[in-house]
Amino acid sequence: MLDQKMRILIVDDFSTMRRIIRNLLKEAGYSNVDEADDGATALPKLKSEKFDFIISDWNMPLMSGLDLLKAVRADAGLKGIPFLMVTAEAVQENIIQAAQAGVSSYIVKPFTAATLKEKIDKIIDKLGGR
Amino acid sequence: MAEDIAPKDEMDDIVHDFIVETTEILDGLDQRFVELEKTPESRELLNAIFRSVHTIKGAAGFLGFRQVVDVAHTAEGVLNRLRQATLTVTPSIMDALLKAVDMLKLLLSHVKAKDGKEEDISVIMALLNEAQTNQPSTTANQTASTALEPRSAAESKAEAKTANQPSLTANQPSSTASQPSSTVKEDAETIRVDIKRLDSVLNMVGELVLGKNRLARLGALLEERYGEDDLVGDLMETASHLNLITTDLHLAVMKTRMQPIGKVFGRFPRMVRDLARERGKEITLVLNGEETEVDKTVIEEIGDPLVHLVRNAVDHGIDTPEERASAGKLRAGTLTLSAYHKGNNIFISIEDDGRGMNTGRIREKALEKGVASKEELDRMSEREILNFIFLPGFSTASVVTNVSGRGVGMDVVKTNITKLNGSIEIDTVLGRGTVITLRLPLTLAIIQAIIVRVHGEAYALPLASVVEIIRISESEIQTVEGREVIYSRGTVYPLRRLANLLNAAGGAGERSYAVLITLGEKTVALLVDELLGREEMVIKSTGEYLSDMNMKGVSGATITGDGGVVFILDVIGLFTGMKGAPA
């Protein structure tokens, strides 16, 4: 699979944030992007369409990023999708929670396109190397 | 960093989105905070508030709005401790948080104005930090928090950022964070459209309505002349179909411009809370019908008058807890704001169970100010006397506070409501309370009107203010105390001749029509020569030239079905601009 063609789902309840991430992804070379405004809307989308990568916010009203992550990992069809968690603070306890739930990596707001690309590349590399 | 995330154009768009979205969040926050003060134990509410502030902080970080990030971050620290119950909701903490919201609004206004200005945020930061440290010892018995108390208190004496870092780690139970699904409204699929586009669509629909009217008129003429021709029948059928579709289209377009009145009501919980605290009153605010939808223009124009009426109710209407107690009322007064639809109007009422208005005082004041003589006052009904408060400079407030009672206000409220083609009514019982009811049309751009003729000139009267039309002859007009009146079904109505009001020459014909018009709580008969019919009209402003001439009594113009230009009369302006107007 060619990295740049990868279909990415951005999950965030704040549309400005989704737009910012979408732009950063574009700058990093990824333009095949779709959005969901909550974990609860992301899940059916993930099940009905094909996505190669998930970038999700942690804090969302209906279904948090962590719960989405758990649901994805528990789903046979989705569990292999790389999951990048966006958090506001690098709080250790959160990171441990996310790691235990099977997060691929996390990224702390605010971040630049370069950092984002680096994170994505690392995740993809790890996958390829497995 | 702000430049890193997107090209310039895109960046402007993102900032614009950020402003719109953040403004919505902040407006909602005021209300949620006031709710929180009432139900401080509501975890769902706290989580929702925390998340809102957190969201703003996250996006602001990307956009490089450092001060927004700082304030949001520190407020978030306080909220997080409330969430973990290591801090309890007190009025002073609420004050600090509400001030933080105010500061965020102010900072956002700088973002919006692109003035690059910074604010002195040290005061609010100190206030927020203090809110975290100066927790009274009553919280010590909070379950599970006792262990945390000394530690976080000690740490928060240090710098703000480090102070709330540990509490963030303390427990961020994902289960509670994701619970409040029930309170959060499901977002329907929506699309943001620039209001200018909607305005231009509405304008085009207006033109379409004019074209439709013209077509209907031409069709009717053709039918008269060539009624036997099948083609004319087909044309009429098509025209009537077009008529239906145009009406539906108009409704549909109007709906896109409708917004819930809750948008305006949303600011009141906070305002009433602050005012009540300031004035030492206890007030329960009840909001009804927040989902009632009104045209955007009405939403924009109704805000200031409502703020004034609510301020008045808090300041003069609701009595102090002591006064209330001695009058045998509950210490806390109730202020109820309601909105509902009835016919083609929306009604908004502001009801308080306070002191009520003293018509005696208003009478005295009217005498003192010389706006009416004792004889005139004696003849007036309660209602008419109450209407004096709408006169410029008329205020009965004995104490001039910084809230209201400065003699400006009610007249401005009245003017604004009238401008919207609405009316205002007061019901009051001394010692029991006051209800002020505003009636506003649902839409402003297109109205139903009847067309009348006076001395060969056609004029339009908004149907909303017309009660009844009576056919009368000159001989039925009687004179009482030098004023012309007519009798209809046992009621006497003062009569005004439209021709005189418009300074048109000539006398009335043998047979005329009296159009009964409501002016607030009064009904007046307007004498016209002829009735031409009823039509859906698109109000066009009269343009600079004519508005410069300051034509009282004319609110706009329109093009009728026969292609003629007709002035739309502003009934209230028409009467208030005249001598001997019904006061």
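Residues numbered from 1 in each chain as written. Chains lettered and ligands numbered in written order. Predicted model: local features only at pLDDT ≥ 70, side-chain atom pairs only at ≥ 80, totals over all residues. Heavy atoms only, no water.

**Student:** Go over the sheet that holds strand S10 (residues 466–473) of chain B, please, and point to the residues and values.
**Tutor:** Residues and elements named next belong to chain B. Read from one edge to the other, the open sheet built from 6 strands follows the order S10-S14-S15-S13-S12-S11, with strand pairing classed as mixed. Because the sheet does not close on itself, it has two edges, and the strands there are S10 and strand S11 (478–480). Averaged over all adjacent pairs, the angle separating strand axes in this sheet is 40°, with direction ignored. Inspection of the sheet shows strand S12 (residues 483–488) paired to strand S13 (residues 491–497) by 4 bridges, in the antiparallel sense. Paired with Val485 across the strands is Pro494, a residue of S13. (Pairing = 2+ DSSP bridges. Helix = DSSP H or I, 4+ residues; strand = E, 2+ residues; numbered from the N terminus. Axes fitted to C-alpha atoms, helices over the stretch in contact; angles between N-to-C directions.)

**Student:** Would you mind going over the packing of helix H13 (residues 296–317) of chain B against helix H18 (residues 410–419) of chain B in detail, with residue names and values included?
**Tutor:** Residues and elements named next belong to chain B. Close contact between H13 and H18 brings their axes to 9 Å; oriented N to C, the two are set at 145°. Between H13 and H18 lies a crossing of left-handed hand. Of the residues in H18, those in contact with Ile302, Pro305, His308, Leu309 and Asn312 of H13 are Met410, Val413, Asn416 and Ile417. When grouped by side-chain class, the residues that make up the contact of H13 with H18 number 6 nonpolar, 3 polar and no charged. (Left-handed = near helix turned anticlockwise from the far one by under 90°. Contact = heavy atoms within 4.5 Å. Nonpolar A, V, L, I, M, F, W, Y, C, P; charged D, E, K, R; others polar.)

**Student:** Which residues make up the packing of helix H3 (residues 66–83) of chain B against helix H5 (residues 122–133) of chain B, and what values go with them?
**Tutor:** Residues and elements named next belong to chain B. One can describe the packing of H3 onto H5 by two numbers: an axis separation of 10 Å at closest approach and a directional angle of 15°. Classified by the angle their axes make, H3 and H5 are roughly parallel. Note on packing geometry: the crossing formed by H3 with H5 is left-handed. Contacts between H3 and H5 involve Asp70, Val71, Thr74, Ala75, Gly77, Val78 and Arg81 on the former and, on the latter, Ile124, Met125, Leu128, Asn129 and Gln132. In terms of residue class, the contact of H3 with H5 is built from 6 nonpolar, 4 polar and 2 charged. (Parallel < 35°, antiparallel > 145°, perpendicular 65-115°, else oblique.)

**Student:** Explain the confidence of the model for chain B to me, using residue names and the numbers behind them.
**Tutor:** All names here are of chain B. For chain B, mean pLDDT is 78; residues scoring 70 or higher make up 81% of the total. Across chain B, the element-wise mean pLDDT spans from 36 in helix H8 (residues 174–177) up to 92 in strand S2 (residues 283–288). Below a pLDDT of 50 lies the segment residues 136–187, which in the model reaches 71 contacts outside its immediate sequence neighbourhood of four places, other chains included. The complex model carries a pTM of 0.56, and its ipTM stands at 0.80. (pLDDT = per-residue confidence, 0-100.)

**Student:** Before we move on, could you go through the nonpolar core and cite the residues and values that matter?
**Tutor:** The biggest cluster of nonpolar side chains holds 69 residues, and the ones touching the most others in it are Leu25(A), Ile55(A) and Phe33(B). If one sorts the elements of this core by residue count, helix H4 (residues 91–113) of chain B sits on top with 12 residues. In this view, Ile55(A) contacts Ile8(A), Leu9(A), Ile10(A), Val11(A), Ile21(A), Leu25(A), Leu84(A), Val86(A), Leu116(A) and Ile120(A); residues no more than four positions away in its chain are not counted. With 49 residues, the next largest nonpolar core counts Leu285(B), Ile346(B), Ile350(B) and Ile436(B) among its residues. (Core = buried A, V, L, I, M, F, W, Y, C linked by side-chain atoms within 4.5 Å. Buried < 20%, exposed > 50% of the residue type's maximum accessible area, 1.4 Å probe, protein only.)

**Student:** Describe the sheet that holds S2(B), naming the residues involved and giving the relevant values.
**Tutor:** Residue and element names in this part refer to chain B. One open sheet holds the 5 strands; their spatial order is S2-S4-S5-S7-S6, and the pairing between them is mixed. The open sheet has two edge strands with one neighbour each: S2 and strand S6 (423–429). On average, each strand axis in the sheet is tilted by 10° relative to the strand beside it, whichever way the strands run. Packing of H18 onto the sheet brings it into contact with S6 and strand S7 (433–441), and relative to S7 it is tilted by some 30°.

**Student:** I'd love a proper account of the packing of aromatic side chains, names of residues and values included.
**Tutor:** Applying the stated criterion across every chain, the model contains 5 aromatic pairs over all chains. Ring geometry for Phe18(B) against Phe65(B): centres 5.5 Å apart, planes inclined by 40°, an arrangement best described as tilted. Of this pair, Phe18(B) sits in helix H1 (residues 8–38) while Phe65(B) is found in the loop between helix H2 (43–63) and H3, placing the two residues 47 residues apart along the sequence. Of the two residues, Phe18(B) and Phe65(B), neither departs from the other in class, the shared state being buried. Grouping aromatic residues by their ring pairs yields a cluster made of Phe14(A), Phe18(B) and Phe65(B). (Phe/Tyr/Trp six-rings, centres within 6.5 Å; stacked < 30°, edge-to-face > 60°.)

**Student:** Could you give an account of the pattern of salt bridges, with specific residues and numbers?
**Tutor:** Counted by the stated rule, this structure contains 41 salt bridges over all chains. The partner of Asp34(A) in a salt bridge is Arg7(A), and the shortest N-O contact between them spans 3.3 Å. Here the residue Asp34(A) occupies a position in strand S2 (residues 33–36), and Arg7(A) occupies one in the segment before strand S1 (8–11), the gap between them amounting to 27 residues. Exposure remark for Asp34(A): the relative accessible area of 19% places this residue in the buried category. Put simply, Asp17(B) and Arg19(A) hold a salt bridge, and the shortest N to O gap is 2.6 Å. You can see Asp17(B) sitting in helix H1 and its partner Arg19(A) sitting in helix H1 (residues 15–27), one on each of two chains. A residue is classified by how much of its surface remains accessible, and Asp17(B), at 18% relative accessible area, is buried. Put simply, Asp30(B), Glu37(B), Asp95(B), Asp102(B), Lys105(B), Arg270(B), Arg273(B), Asp274(B) and Arg277(B) are held in one network by salt bridges that share partners. (Salt bridge = Lys/Arg side-chain N within 4 Å of Asp/Glu carboxyl O.)

**Student:** Could you give an account of the environment of Ile302(B), with specific residues and numbers?
**Tutor:** Residue and element names in this part refer to chain B. Within the secondary structure, Ile302 sits in helix H13. Owing to a relative accessible area of 0%, Ile302 belongs among the buried residues under this scheme. Sequence spacing of Ile302 and Leu420 is 118 residues, and the spatial spacing of their C-alpha atoms is 8.7 Å. Not counting chain neighbours up to four residues away, the residues in contact with Ile302 comprise Ile261, Val264, Ile348, Ile417, Leu438 and Leu440.

**Student:** Describe unusual backbone geometry, with residues and values.
**Tutor:** Omega for the peptide link from Lys109(A) to Pro110(A) comes to -15°, which places this bond in the cis form. Tracing the backbone shows Pro110(A) in the loop between strand S5 (105–108) and helix H5 (113–129). Positioned with a positive phi, Ala85(B) is a non-glycine residue whose angle comes to about 65°. Take Ala85(B): its relative accessible area is 21%, and that puts it in the partly exposed class. Its identity is not glycine, yet Glu481(B) carries a phi of approximately 50°, on the positive side. Structurally, the position occupied by Glu481(B) is in the loop between S11 and S12. Relative accessible area serves as the criterion here: at 69%, Glu481(B) is assigned to the exposed category.

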